[in-house]
Amino acid sequence: MRIRSTPSWQLKESDVTPESVYHQRRDILKKLGITLATLPLATQAQANIFDVFSDDEKIPDRRRALKAPDSTRFHPDLSLTPEDKILKYNNFYEFGTDKSDPARRAANFVTDPWKVDVSGMITRPFTLDYDDIFKRFPIEERIYRLRCVEAWSMNVPWIGFPLASLLRYAQPTSHAKYVAFETLYDPKQMPGQASRRLGGGIDYPYVEGLRLDEAMHPLTLIAVGLYGKTLAPQNGAPLRLVVPWKYGFKSIKSIVKITLTDKQPPTTWNLLAPQEYGFYANVNPQVDHPRWSQASERFIGEGNLFSSRRQPTLPFNGYASEVAGLYQGMDLRKFY
Ligand SMILES: Nc1nc2c(c(=O)[nH]1)N[C@H]1C(S)=C(S)[C@@H](COP(=O)(O)O)O[C@H]1N2
Ligand SMILES: [Mo]
């Protein structure tokens, strides 16, 4: 399916430019005495790679402290991505397609009050309100790798509860085979939903889904915070899914609806470009994206984006020993 000649969801130049070219460009700009502040607006749009980490811009921070016991089982020896970068380098197309858009445009996004409807093929339909999100199920801290399909990655100290806790409470009936998720639809608050151009041509609301056994897997998390605080809106406040062995787009943000169903639910990126994004979207270094390799990734750690190190991408994003069994007998090239 061809959406337009240069779809806005394609990798931006800044995402694919090799590191050495970044350095050169940056040096040239520096020598010319050009900083973001001196660039004309039109050029700023193309220079989004530079403004993502500019520290001069103050974005209001409405997060609260959130205490959760460590779960030692989920504290692997991973160097964390700095909090600042998790907050400023985002994909949340409801607020725009540039990495720096969500932090700016979601600054005033209202997440309290909030309602999450849990319904469908379950014995006990229920609704979570804002306070329930943090109190109904015991929360814990877990450090997970996050691998975006665009070939960059982060290590994030999430706070949340296993989706399985919520599903056990809901009691799926014997007919339930899948779990469908939906993000808030509110074009007044989400400029990307009000404009196809801003929102990357996606038909909103953003939807995602998991097979029930994937949803019940102990690694599958509903995150309600990170770095010891509640989630910032740009990270999907007040609650979002985190499925660490799948590409980041499965980890749907700002959820308002969870539905148990007997049919494989539609998923946003699969609807947009089915030949590029499958339902399963398991991280797989051996199955390339039609337009780029998935064999390695740019890890976003300390230092600036240009010095991010490339590292090999691991099967199932490093969680193979835990989750490979879910896909036994499946052709993962076919079910990408
Ligand atoms: N509703 C919604 N959820 C979303 C997205 C989005 O655009 N809309 N982007 C996804 C993608 S592509 C990634 S990589 C992660 C990014 O999460 P982060 O910004 O918290 O790192 O969120 C995912 N969840
Ligand atoms: Mo992503």
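Within each chain, residue numbers correspond to sequence positions counted from 1 in written order. All chains are assigned letters beginning with A, and all ligands numbers beginning with 1, in the order in which they are written. Local features are withheld for residues below a pLDDT of 70 in this predicted model, meaning they are given only at 70 or higher, and side-chain atom pairs are given and counted only at 80 or more; totals for whole chains, interfaces and linings count all residues. Derived side-chain values reflect all non-hydrogen atoms in the structure, with water molecules and hydrogen atoms excluded from consideration.

Student: Can you lay out the overall build of the protein chain for me, pointing to particular residues and giving the numbers?
Tutor: A run of H or I in DSSP counts as a helix once it spans at least four residues, and a run of E counts as a strand once it spans at least two, with each numbered from the N terminus. Secondary structure summary: the protein chain contains 12 helices and 12 strands in total. In the protein chain, buried positions account for 55% of the 336 residues. Taking the contacts inside the protein chain whose residues are at least 6 apart along the sequence as the reference set, 73% of them involve residues at least 24 apart. Accessible surface, the protein chain as shown: approximately 15,100 Å² in total, 54% of it carbon and sulfur. For every residue, the accessible area (1.4 Å probe, protein chains only) is compared with the maximum for its type, and the residue is labelled buried under 20%, exposed over 50%, or partly exposed between those bounds. Here a residue-residue contact requires only that any non-hydrogen atoms of the pair lie within 4.5 Å. Residue exposure ignores everything except the shown protein chains as possible cover, and the areas themselves are Shrake-Rupley values with a 1.4 Å probe.

Student: Before we move on, can you summarise the UniProt feature "binding site: Mo-molybdopterin" (unreviewed entry) in the protein chain with the specific residues and values?
Tutor: UniProt positions are given in the numbering used here, feature names are shortened, and annotations may be inferred rather than shown by experiment. UniProt's feature table lists "binding site: Mo-molybdopterin" (unreviewed entry) at N90, Y93, E94, C148, T183, N235, R240, S251, I252 and K253, given in the numbering used throughout. Of the annotated residues named above, the ones that line the largest cavity are N90, Y93, E94, C148, N235, R240, S251, I252 and K253. Relative to the helices and strands, T183 is located in strand 5 (residues 178-183). Sequence-distant contacts of T183, defined by excluding residues within four places in its chain, comprise E94, M190, P205, Y206, I252, K253, S254, I255 and V256. As for its placement among the helices and strands, I252 is situated in the loop between strand 9 (240-242) and strand 10 (255-261). Points on a 1 Å grid, built from protein atoms alone, make a cavity when a 1.4 Å probe fits but cannot get out and make a pocket when they are open with protein on both sides within 12 Å along at least 5 of 7 lines; residues with an atom within 4 Å of a point are the lining residues.

Student: Give me the lowdown on the pairing of strand 4 (residues 152-162), citing residues and values where you can.
Tutor: A regular strand carries its side chains on alternate faces of the sheet. Counting buried residues in strand 4 gives 11 out of 11 residues, a clear majority hidden from the surface. With 2 bridges joining them, strand 4 and strand 11 (residues 296-299) adopt parallel strand pairing. Looking at strand 11, one finds that W152 is bridged to R298. Pairing between strands is defined by DSSP: at least two bridges between the two strands are required.

Student: Talk me through the pattern of salt bridges; I want residue IDs and the actual numbers.
Tutor: Think of a salt bridge as a Lys or Arg side-chain nitrogen and an Asp or Glu carboxyl oxygen that are within 4 Å of each other. Inspection of the entire model under this criterion finds 16 salt bridges. The closest approach of N and O atoms between E140 and R142, which form a salt bridge, is 2.9 Å. Its relative accessible area of 17% is what places E140 among the buried residues. Among the residues examined, R142 registers a relative accessible area of 3% and is labelled buried. As a salt-bridge pair, D262 and K263 come within 3.4 Å of each other at their nearest N and O atoms. A residue is classified by how much of its surface remains accessible, and K263, at 58% relative accessible area, is exposed. Several salt bridges share partner residues, and in doing so they unite D61, R63, E83 and K229 into one network.

Student: Please give an account of the nonpolar core that cites residues and values.
Tutor: Residues enter a nonpolar core if they are buried and are Ala, Val, Leu, Ile, Met, Phe, Trp, Tyr or Cys, with the set joined through side-chain atoms within 4.5 Å. Of all hydrophobic cores here, the largest spans 83 residues; its most connected members are L166 and V224. If sequence neighbours within four positions are ignored, V224 has contacts with L66, I133, F134, I139, I159, G160, F161, K229, T230, L231, P238 and L239.

Student: So what's going on with the site of ligand 1? Residues and values would help.
Tutor: Near, as used in this document, describes a residue that has one of its heavy atoms within 4 Å of the molecule or strand being considered. What surrounds ligand 1 is a group of 16 residues, the closest being N90, Y93, E94, N235 and K253. Separating an oxygen atom of ligand 1 from a side-chain N or O atom of R240 is a distance of 3.1 Å. Across the complex, the protein chains shield 98% of the 540 Å² of accessible surface that ligand 1 would expose by itself. Assignment to a cavity or pocket requires that more than half of a molecule's atoms be within 2 Å of the site's grid points. Here ligand 1 is seated within the largest cavity. Polar contacts, as counted here, are pairs of nitrogen or oxygen atoms within 3.5 Å of one another; within protein the pair requires one atom able to donate a hydrogen and one able to accept it, and residues that are adjacent in sequence qualify only if both atoms are side-chain atoms.

Student: Can you break down the packing of aromatic side chains residue by residue, with the values?
Tutor: Stacked, edge-to-face and tilted labels apply to pairs of Phe, Tyr and Trp rings (six-membered ring for Trp) whose centres lie within 6.5 Å, assigned for plane angles under 30 degrees, over 60, and everything in between, in that order. Summed over all chains, the structure comprises 18 aromatic pairs. Between F95 and F109, the ring centres sit 5.4 Å apart and the planes meet at 75 degrees, which makes this aromatic pair edge-to-face. Of this pair, F95 sits in the loop between helix 5 (83-88) and helix 6 (101-105) while F109 sits in the loop between helix 6 and strand 1 (115-120); the two residues are 14 residues apart in sequence, bridging distant segments of the chain. The pair formed by F95 and F109 is uniform in burial state, with each residue classed as buried. The structure contains a cluster of three or more aromatic residues connected by ring pairs, namely Y178, F279, Y280, F316, Y327 and F335. Positioned over the ring face of F134 is R64, at 5.0 Å from the centre of the ring. Charges are assigned to positions over rings by a cutoff of 6 Å between ring centre and Lys NZ or Arg CZ, combined with an angular limit of 35 degrees from the ring normal.

Student: If you had to explain the pairing of strand 2 (residues 126-129) to someone new, which residues and values would you point to?
Tutor: Along strand 2, the buried face is formed by F126 and L128; none of T127 and D129, which line the opposite face, is buried. Note: strand 1 against strand 2, 4 bridges, orientation antiparallel. Bridge assignment links V116 to a residue of strand 2, and that residue is L128. The loop that links strand 1 with its antiparallel partner strand 2 comprises 5 residues.

Student: Go over the side chain of T268 with me, naming the residues and quoting the values.
Tutor: By secondary structure assignment, the location of T268 is in helix 11 (residues 268-272). Engagement of the side chain of T268 in a polar contact is seen with the backbone nitrogen of V207, the distance being 2.8 Å. T268 has contacts with I202, P205, Y206 and V207, leaving out every residue within four places of it along the chain.

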